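Results of the structural survey
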Amino acid sequence: MTAPVTDSPNPWVAEHIRRFEETGGVPRPGISDLLLTTRGRRSGVLRRTALAYVRDGEAYVLTASNAGAQRHPAWYLNLTDHPAVTLQVGAETFPAVARRATAEEAERLWPVVVAAMPSYAAYRASAGREIPLVLVTRTTGAAAGAG
(Lines give C-alpha, C1' and ligand atoms only; values in the text may rest on other atoms or scores of the structure.)
Protein backbone atom coordinates (compact mmCIF):
# COMPACT_ATOMS: atom_id res chain seq x y z
CA MET A 1 0.00 0.00 0.00
CA THR A 2 1.31 3.44 -0.93
CA ALA A 3 1.35 6.24 1.65
CA PRO A 4 -0.83 9.28 0.92
CA VAL A 5 0.83 12.32 -0.64
CA THR A 6 0.07 15.88 0.44
CA ASP A 7 0.26 18.58 -2.23
CA SER A 8 1.87 21.92 -1.56
CA PRO A 9 -0.30 24.28 0.52
CA ASN A 10 0.82 27.19 -1.68
CA PRO A 11 -2.23 28.03 -3.85
CA TRP A 12 -0.12 28.80 -6.96
CA VAL A 13 1.79 25.50 -6.64
CA ALA A 14 -1.39 23.52 -5.93
CA GLU A 15 -2.94 24.99 -9.10
CA HIS A 16 0.24 24.15 -11.04
CA ILE A 17 0.02 20.53 -9.83
CA ARG A 18 -3.65 20.38 -10.90
CA ARG A 19 -2.77 21.75 -14.38
CA PHE A 20 0.14 19.29 -14.62
CA GLU A 21 -2.22 16.38 -14.01
CA GLU A 22 -4.93 17.70 -16.36
CA THR A 23 -2.48 18.24 -19.23
CA GLY A 24 -0.54 14.98 -18.93
CA GLY A 25 2.51 16.79 -17.61
CA VAL A 26 2.59 19.85 -19.88
CA PRO A 27 1.02 22.66 -17.82
CA ARG A 28 3.17 25.39 -19.41
CA PRO A 29 4.02 24.70 -23.05
CA GLY A 30 7.65 25.54 -23.74
CA ILE A 31 8.70 24.99 -20.11
CA SER A 32 9.83 21.64 -18.74
CA ASP A 33 7.91 20.92 -15.53
CA LEU A 34 7.87 17.91 -13.22
CA LEU A 35 6.30 16.85 -9.95
CA LEU A 36 8.68 16.12 -7.07
CA THR A 37 7.62 14.12 -4.01
CA THR A 38 9.81 14.36 -0.92
CA ARG A 39 9.46 13.00 2.60
CA GLY A 40 9.02 15.69 5.27
CA ARG A 41 12.20 15.99 7.31
CA ARG A 42 10.29 16.36 10.60
CA SER A 43 6.80 15.01 9.85
CA GLY A 44 7.68 12.07 7.61
CA VAL A 45 4.69 13.05 5.44
CA LEU A 46 5.07 12.68 1.66
CA ARG A 47 4.89 16.15 0.08
CA ARG A 48 4.48 16.98 -3.62
CA THR A 49 5.43 20.13 -5.46
CA ALA A 50 5.66 21.26 -9.09
CA LEU A 51 8.99 22.55 -10.39
CA ALA A 52 10.61 23.62 -13.63
CA TYR A 53 13.70 21.67 -14.63
CA VAL A 54 16.48 21.43 -17.17
CA ARG A 55 18.37 18.28 -18.09
CA ASP A 56 22.07 17.60 -17.62
CA GLY A 57 22.69 14.23 -19.20
CA GLU A 58 20.56 11.76 -17.21
CA ALA A 59 20.00 14.22 -14.35
CA TYR A 60 17.03 16.52 -13.82
CA VAL A 61 18.32 19.87 -12.55
CA LEU A 62 16.08 21.67 -10.05
CA THR A 63 16.56 25.19 -8.74
CA ALA A 64 15.86 25.79 -5.03
CA SER A 65 15.01 29.45 -5.65
CA ASN A 66 11.83 29.74 -3.56
CA ALA A 67 10.95 32.63 -5.93
CA GLY A 68 13.89 34.63 -4.56
CA ALA A 69 12.91 34.32 -0.88
CA GLN A 70 15.64 34.53 1.74
CA ARG A 71 15.00 30.96 2.89
CA HIS A 72 15.35 27.65 1.11
CA PRO A 73 12.11 25.99 -0.06
CA ALA A 74 10.72 23.22 2.13
CA TRP A 75 11.17 20.61 -0.63
CA TYR A 76 14.91 21.33 -0.69
CA LEU A 77 15.23 21.04 3.10
CA ASN A 78 13.28 17.77 2.96
CA LEU A 79 15.51 16.15 0.36
CA THR A 80 18.69 17.15 2.17
CA ASP A 81 17.50 14.86 5.00
CA HIS A 82 15.78 12.28 2.77
CA PRO A 83 17.41 12.20 -0.70
CA ALA A 84 15.20 9.33 -1.96
CA VAL A 85 12.43 11.07 -3.90
CA THR A 86 9.81 10.36 -6.55
CA LEU A 87 9.62 12.26 -9.84
CA GLN A 88 6.75 12.49 -12.28
CA VAL A 89 7.84 13.67 -15.70
CA GLY A 90 4.98 13.74 -18.17
CA ALA A 91 2.90 10.64 -17.47
CA GLU A 92 5.84 8.64 -16.06
CA THR A 93 6.47 8.35 -12.32
CA PHE A 94 9.71 6.83 -11.01
CA PRO A 95 12.02 6.65 -7.98
CA ALA A 96 15.04 8.92 -7.93
CA VAL A 97 17.78 10.22 -5.69
CA ALA A 98 18.64 13.87 -5.19
CA ARG A 99 21.86 15.65 -4.32
CA ARG A 100 23.06 19.22 -4.27
CA ALA A 101 25.19 20.17 -7.26
CA THR A 102 28.87 20.71 -6.54
CA ALA A 103 30.23 24.24 -6.87
CA GLU A 104 31.74 23.32 -10.25
CA GLU A 105 28.48 21.78 -11.49
CA ALA A 106 26.48 24.79 -10.31
CA GLU A 107 28.83 27.23 -12.04
CA ARG A 108 28.43 25.30 -15.30
CA LEU A 109 24.65 24.83 -14.94
CA TRP A 110 23.51 28.30 -13.83
CA PRO A 111 23.66 29.75 -17.36
CA VAL A 112 21.63 26.76 -18.63
CA VAL A 113 19.03 27.23 -15.88
CA VAL A 114 18.72 30.98 -16.52
CA ALA A 115 18.42 30.41 -20.28
CA ALA A 116 15.46 28.11 -19.62
CA MET A 117 13.84 30.28 -16.92
CA PRO A 118 15.15 33.88 -17.05
CA SER A 119 13.33 34.76 -13.80
CA TYR A 120 15.97 32.72 -11.91
CA ALA A 121 18.52 35.49 -12.51
CA ALA A 122 16.32 37.98 -10.62
CA TYR A 123 15.59 35.41 -7.90
CA ARG A 124 19.32 34.86 -7.44
CA ALA A 125 19.95 38.59 -7.17
CA SER A 126 17.20 39.14 -4.58
CA ALA A 127 17.56 36.01 -2.44
CA GLY A 128 20.47 37.14 -0.28
CA ARG A 129 21.58 33.49 -0.13
CA GLU A 130 23.18 30.95 -2.39
CA ILE A 131 20.43 29.27 -4.40
CA PRO A 132 21.23 25.57 -4.57
CA LEU A 133 20.91 23.56 -7.74
CA VAL A 134 19.82 19.97 -7.21
CA LEU A 135 20.61 17.03 -9.47
CA VAL A 136 18.02 14.26 -9.41
CA THR A 137 18.69 10.93 -11.09
CA ARG A 138 16.50 7.90 -11.64
CA THR A 139 17.07 4.88 -9.42
CA THR A 140 15.74 1.35 -9.42
CA GLY A 141 15.10 1.19 -5.66
CA ALA A 142 12.31 2.53 -3.46
CA ALA A 143 11.85 6.31 -3.32
CA ALA A 144 9.86 8.76 -1.24
CA GLY A 145 6.55 7.56 -2.64
CA ALA A 146 7.10 3.89 -1.90
CA GLY A 147 4.83 2.59 0.77
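Residues numbered from 1 in each chain as written. Predicted model: local features only at pLDDT ≥ 70, side-chain atom pairs only at ≥ 80, totals over all residues. Heavy atoms only, no water.

1. A look at the overall build of the chain
For clarity, the threshold we go by: Per the convention used, a helix needs a DSSP run of H or I reaching at least four residues, while a strand needs a run of E reaching at least two, with both numbered from the N terminus. For the radius of gyration, the atoms used are the C-alpha atoms, and the globule rule reads 2.2 Å times the number of residues raised to 0.38.
If you tally the helices and strands in the chain, you get four helices and eight strands. Along the chain, from the amino end to the carboxyl end, the secondary structure elements read β-α-β-β-β-β-α-β-β-α-α-β. Against the globule reference of 15 Å for 147 residues, the chain gives a C-alpha radius of gyration of 14 Å, in line with a compact fold. Counting only C-alpha atoms and orienting by the principal axes, one finds that the chain spans roughly 45 × 30 × 30 Å.

2. Structural notes on unusual backbone geometry
At Asn66, a residue that is not glycine, the phi angle is positive and equals roughly 50°. Looking at where Asn66 falls in the secondary structure, it is placed in the loop between β5 (59-63) and α2 (74-81). A positive phi angle is found at Ala67, which is not glycine, with a value near 55°. Relative to the assigned elements, Ala67 resides in the loop between β5 and α2.

3. With respect to the nonpolar core
A general feature of soluble globular proteins is that nonpolar side chains tend to end up buried together. This is how it is decided: As used in this record, nonpolar core signifies buried Ala, Val, Leu, Ile, Met, Phe, Trp, Tyr and Cys residues forming a set joined through side-chain atoms within 4.5 Å. In this scheme, a residue with accessible area under 20% of its type's maximum is buried, one over 50% is exposed, and one in between is partly exposed, where area comes from a 1.4 Å probe on protein chains only. In this analysis, two residues are considered to be in contact whenever any of their non-hydrogen atoms come within 4.5 Å of each other.
With 18 residues, the main nonpolar core has Leu34, Leu36, Leu62, Trp75, Leu87 and Val136 as its most contacted residues. Elements represented by at least two residues in this core include exactly β2 (33-39), β5, α2, β6 (84-89), β7 (92-100) and β8 (133-138). Not counting residues within four places of it along the chain, the set of residues in contact with Trp75 comprises Leu36, Thr38, Thr49, Leu51, Leu62, Thr63, Ala64 and Val134. Within the second largest apolar cluster, 15 residues are counted, among which are Val61, Trp110, Ile131 and Leu135.

4. Remarks on the side chain of Asn78
In this structure, Asn78 sits in helix α2. Discounting chain neighbours no more than four positions away, the residues touching Asn78 are Thr38, Arg39, Gly40, Arg41 and Arg47.

5. Remarks on the sheet that holds strand β1 (residues 5-7)
Defined as follows: Any two strands between which DSSP finds at least two bridges are classified as paired. Working convention: axes come from line fits to C-alpha atoms, limited for helices to the stretch in contact. Angles between N-to-C directions cover 0 to 180 degrees.
Strand order in the open sheet formed by eight strands is β1-β3-β2-β6-β7-β8-β5-β4, with mixed pairing between adjacent strands. Each edge of the open sheet is held by one strand with a lone partner, namely β1 and β4 (54-56). Each strand axis lies, on average, 40° off the axis of its neighbour in the sheet, ignoring direction. In the sheet, β4 pairs with β5 via three bridges, with the strands oriented antiparallel. Bridge pairing links Asp56 to Ala59 in β5. Across the sheet, helix α1 (residues 11-22) is in contact with β1, β2, β3 (46-52) and β6; its angle to β3 comes to roughly 80°. The strands touched by α2 within the sheet are β2, β3, β5, β6, β7 and β8, with β2 carrying the most contacts at an inclination of about 55°.

6. Let's talk about α2
Selection criterion: It is the directions from the helix axis to the C-beta atoms whose arc is reported.
Of all the positions in α2, only Trp75, Tyr76, Asn78 and Leu79 are classed as buried. The buried residues of α2 occupy an angular sector of 160° when the element is viewed end-on, so they sit on one face. Residues of α2 that are buried in the fold lie against β2, β3, β5, β6, β7 and β8.

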